[in-house]
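Inside the fold
One-letter residues, chain by chain:
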Amino acid sequence: MFNSDLYENPNMFDMFQRPSDSDQTERDDDNNDTKSGTEVDAPSADDDNQGPASSGPSRRRAKRKRYHRHTQRQIQEMEAFFKECPHPDDKQRKQLSRELGLDPLQVKFWFQNKRTQLKAQTERHENGLLKAENEKLRAENHRYKEALNNASCPTCGGPAALGEMSFEEQHLRLENARLREEIERISGVTAKYVGKPIGPSFSRFADRAPISFGTQPGFLGEYGGPGGAAGGPGVGAGGPGGGLGEVLRPVSVTNEADKPLIVELAVTAMEELIRMAQSGEPLWVTDENSIDVLNENEYLRIFPRGIGSKPFANLGFRSEASREAAVIIMNPVNLVEILMDVNQWSTVFCGIVSRAMTLDVLSTGVAGNYNGALQVMTAEFQLPSPLVPTRENYFARYCKRHHDGIWAVVDVSLDNLRHAPFTRCRRRPSGCLIQELPNGYSKVIWVENVEVDDRGVSDIYKTLVNTSLAFGAKRWVATLDRQCERLASAMANNIPAGDLGVLNSSDGRKSILKLAERMVNSFCTGVGASTAHAWTTLTGSDEIRVMTRKSIVDPGRPPGIVLSAATSFWVAVPPRKAFNILRSEKFRSEWDILSNGGVVDEMAHIANGRDPGNCVSLLRVNGANASQSNMLILQESSNDATGSYVIYAPVDFAAMNIVLNGGDPDYVALLPSGFAILPDREGPNRGIGITEIGSGGSLVTLAFQILVDSAPNSKISVGSVATVNSLIKCTLERIRTAVMCNDA
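Residues numbered from 1 in each chain as written. Predicted model: local features only at pLDDT ≥ 70, side-chain atom pairs only at ≥ 80, totals over all residues. Heavy atoms only, no water.

**Topic: helix H19 (residues 718–741)**
An α-helical segment advances 3.6 residues per turn. Residues three or four places apart therefore align on the same side. What counts is decided by this rule: Helix numbers and strand numbers start at the N terminus; a helix is a DSSP run of H or I with at least 4 residues, a strand a run of E with at least 2. Every helix has an expected span of 1.5 Å times one less than the residues it contains. Throughout, exposure labels follow a simple rule: accessible area from a 1.4 Å probe, protein chains only, divided by the maximum for the residue type, with under 20% read as buried, over 50% as exposed, and the rest as partly exposed. Contact definition: two residues touch when any of their heavy atoms are within 4.5 Å.
Here H19 is 24 residues long and its end C-alpha atoms lie 35 Å apart, about the 34 Å a rise of 1.5 Å per residue gives. The set of residues buried in H19 consists of Ser 720, Val 721, Val 724, Asn 725, Leu 727, Ile 728, Thr 731, Leu 732, Ile 735, Ala 738 and Val 739. Those residues of H19 hidden inside the fold are in contact with strand E18 (560–571), helix H15 (575–583), helix H16 (588–591), strand E23 (673–679) and strand E24 (698–709).

In structure tokens:
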């Protein structure tokens, strides 16, 4: 029994870890009185005449007990006060006693009894869960032993080795081992709250009503194939776990018994994050890419019983931790609001967060801000390629403003609380510290600390992932810096001198930026290996992934069947050169088949960042001859230290006129296509003319979205798939030629 109203007290989180002396004394007294009434000494009339020598049976008989039963009103008032403050101080007890006509000692004993009763109820509930889980594990272990004893080799008839067991049995055995290690790890933390160690059979996996993520439709009709059937869970990545297609699993609503543990984990994670963010060597060392990476041995020495215990190396997990600092053009309050609002967070980090949801809010904070806010969330993190499996996490996010004015936001995994199968990623204390600087700027120190099984990553992306450039702190900070620049540009009222062409009002400028933002979000959510997608490998091609979506009532997408195709490849040029060529209208006719050799002019240009490549453009493709119609293309290009994007979509002339005059861009239908360009650090191993470490080339993901049928209930024809296959292969070859033969 745990009441969420307790979290409205701004000091409640500190109470779990640093009880005051008076509170500890009251807790020690809790076990001395458990009666429903209040016990008061009733001295006899002769007491005043008896000196210190008066003792023995006569003295004990003279000192009798009497009991006072509280009225219904008194109980109701104290119950209501208990919900707000279960540990009243002397002043509060005296005030209550005056209002209710009770002695302060009676009020003190009532609150002690109430806390003891609540603790007993919680322990009874815990014992029931422990007993049920113990029986469950015993039954599972018995079944494993029988399966192992009865298994035989189909060839020789002898006992079967572990590698010859069924996939289900191997999966269950690994899951059981992980559970036991998780139980041992958290037992130290939970023992501090419940007052006693928890046995190895501890688990929170009780039967509960699940809340599941709604998945986006992913159909391929008769071209579903393995893992790609309608609604199927296919993920287009090979290797262990890559083809399992695990969706964001059903997660239980946080029950009352779990809340104290979540609070304890959040407070402990906050302390660990602050120590890690503010420490230097030997905890952090700088690698060859100038990234601060964690010294795992030093980490385990500093936090021997912390939340981030020894990684599950025997299950294929590896530790991945990095740190990055930067000055951001936004004040701390707005940054905290972005991090604590799941919609803003997933929009700002759309290139990293493919899906996210807040499952429960344990505390909304105090004083009208997020100080003390605690949420339970689930999210899926991605790289912009269908060849890299996503990382799914179920975690608590806790925000606190510290005495020195620094805000801190920390995430910590809660996988031990959910009824779910094996997870491939566990989030150790990760997050950021935000310090206010003059002129509305902030200094941000970001820490990413995870344990992950990334054996499903495609070979061409392994180096990028292993160097923490794919999911590490550097990418989070670079994305935040880039998006804050973009937000500052969108909120500007004046049109900069560098903006060109048909833009003649600030309203038109804001509308086109809003339309471009929706285009970028749509591209990012549809290019990765999110479990909401059902990617299927085209027959005869190991590189191209395709999927289809139905669009019926989406005002921002044309109605009908939309086919998405994506492929990732390597080119032997630095990322900056590939980015400049692909974003430039001068070279567009060399690779863009849809431009059909026409001349491309820039009609409008909106700069939205320090880098000259960070901009939104409106391009016009003039047909090569008079019989060809002209076409408008909306394009946004962005570049930061960890990667680049060039995203574009054909747009209607009439719709763009409305947007340029400040009209609502939400009803402009878009089907975005484009490129995600990431650095490759493994140049010499690619074998194509690169000799310098650190300039190994570029990893490019090319993605198309095409309307293949305006009838939403129709099926994809063989001809449509073949056309898209030819289109993406031809574009790929043209891009390779363009980036190798031109200078930019």
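**Topic: the packing of helix H4 (residues 72–84) against helix H5 (residues 90–100)**
Here is the rule we go by: Fitted lines through C-alpha atoms serve as axes, helices being fitted only where they are in contact, and the angles separating the N-to-C directions of these axes extend from 0 to 180 degrees. Should an angle lie under 35 degrees it is considered roughly parallel, over 145 roughly antiparallel, and from 65 to 115 roughly perpendicular; all remaining angles are considered oblique. Handedness of a helix crossing follows the sense of rotation of the near helix relative to the far helix, less than a right angle counterclockwise being left-handed and clockwise being right-handed. Gly counts as polar in this scheme, as do all residues outside two lists: the nonpolar Ala, Val, Leu, Ile, Met, Phe, Trp, Tyr, Cys and Pro, and the charged Asp, Glu, Lys and Arg.
Relative orientation of the contacting elements H4 and H5 amounts to 155°, with a least axis distance of 11 Å. Viewed along their axes, H4 and H5 adopt a mutual orientation that is roughly antiparallel. In the packing of H4 onto H5, the handedness of the crossing is right-handed. Residues Arg 73, Gln 74, Glu 77, Met 78 and Phe 81 of H4 form the contact with H5, whose own contacting residues are Gln 92, Leu 96, Glu 99 and Leu 100. Of the residues contributing to the contact of H4 with H5, the split by class is four nonpolar, two polar and three charged.

**Observations concerning the packing of helix H14 (residues 506–527) against helix H17 (residues 653–660)**
The N-to-C vectors of H14 and H17 enclose an angle of 125°; their axes lie 7 Å apart at closest approach. It follows from the interaxial angle that H14 and H17 lie oblique. Packed against H14, whose contacting residues are Gly 508, Ser 511, Ile 512 and Leu 515, the element H17 presents Met 656, Val 659 and Leu 660 at the interface. Of the residues in the contact of H14 with H17, the class split is five nonpolar, two polar and no charged.

**Considerations on empty space enclosed by the protein**
To find the voids left in a structure, one rolls a probe of water-molecule size over its atoms. Test applied: A cavity here means a set of 1 Å grid points, computed over protein atoms only, where a 1.4 Å probe fits but cannot escape. A pocket is an open set with protein on both sides within 12 Å along at least 5 of 7 lines, and lining residues have an atom within 4 Å of a point. Grid points are joined across faces, edges and corners, and a volume is the space filled by probe spheres set on the points.
A full pass over the atoms with the stated rule returns ten cavities of 30 Å³ or more. Quantified by volume, the largest cavity comes out at close to 330 Å³. Around the largest cavity sit 23 residues that line it, and Thr 479, Arg 482, Gln 483, Ser 638 and Tyr 645 are the ones nearest its centre. Listing elements by their share of the lining of the largest cavity, those giving two or more residues are helix H13 (473–491), H14, strand E21 (631–640) and strand E22 (643–651).

**Observations concerning the pattern of salt bridges**
Convention followed: A pairing counts as a salt bridge when a side-chain nitrogen of Lys or Arg comes within 4 Å of a carboxyl oxygen of Asp or Glu.
Tallied over the entire structure, the rule returns 23 salt bridges. Two residues, Asp 454 and Arg 318, come together in a salt bridge whose shortest N-O distance is 2.7 Å. With a gap of 136 residues between them, Asp 454 in the loop between strand E14 (442–452) and helix H12 (462–466) and Arg 318 in strand E7 (residues 318–328) connect regions that are remote in the sequence. Since its relative accessible area comes to 15%, Asp 454 is described here as buried. One salt bridge in this structure joins Glu 320 and Arg 391, with 2.9 Å as the shortest N-O distance. Taken as a pair, Glu 320 in strand E7 and Arg 391 in strand E10 (residues 391–401) lie far apart in primary sequence, 71 residues in all. Summarising the burial analysis for this pair, Glu 320 and Arg 391 share the class buried. The structure contains a network of salt bridges with shared partners spanning Glu 296, Arg 426, Arg 428 and Glu 451.

**A few points about the nonpolar core**
Basically, it comes down to this: What we call a nonpolar core is a set of buried Ala, Val, Leu, Ile, Met, Phe, Trp, Tyr and Cys residues that are connected through their side-chain atoms within 4.5 Å. For the purposes of this description, domain bounds are those given by an automatic or database domain assignment.
Judged by nonpolar contacts, the single largest core of 46 residues is most densely connected at Trp 345, Phe 349, Trp 446 and Tyr 461. Two domains each provide a minimum of three residues to this core, namely domain 1 (258–490) and domain 2 (505–683 + 695–742). Residue contacts for Trp 446: discarding those within four places in its chain leaves Ser 322, Arg 323, Glu 324, Leu 339, Phe 349, Gly 431, Cys 432, Ala 473, Trp 476, Val 477 and Leu 480.

**Examining a nonpolar patch on the surface**
Cut-off, in case you're wondering: Exposure above 30% relative accessible area and no salt bridge define the residues that can form patches, which grow by joining like charges within 9 Å and nonpolar side chains of Val, Leu, Ile, Met, Phe, Trp and Tyr within 5 Å. Note on areas: Shrake-Rupley with a 1.4 Å probe; residue coverage comes only from the protein chains shown.
Judged by side-chain polarity, Val 327, Ile 329 and Tyr 441 come together as a nonpolar surface patch covering roughly 230 Å² of accessible area. Within the secondary structure, Tyr 441 sits in the loop between strand E13 (430–436) and E14.

**Points about the pairing of E23**
To keep it simple, the criterion reads: In this scheme, strands are said to pair when DSSP sees at least two bridges between them.
Most of E23 is tucked away, with seven of its seven residues classed as buried. Side chains of E23 alternate between two faces, with Ser 673, Phe 675, Ile 677 and Pro 679 and Gly 674, Ala 676 and Leu 678 buried alike. Bridge analysis of E22 against E23 gives five bridges, and the strand direction is antiparallel. Note on E23: the bridge partner recorded for Val 646 is Phe 675. Sheet analysis places E23 next to E24, joined by six bridges and oriented antiparallel. Bridging across to E24, Ile 677 finds its partner in Val 700.

**Some words on the pairing of E18**
A large share of E18 lies buried, amounting to twelve of its twelve residues. Pairing of strand E17 (residues 545–551) with E18 involves seven bridges; the strand directions are antiparallel. Of the residues in E18, the one forming a bridge with Lys 550 is Ile 561. Relative to E24, E18 runs antiparallel, the two sharing eleven bridges. Looking at the pairing, Phe 569 lines up with Val 700 of E24.

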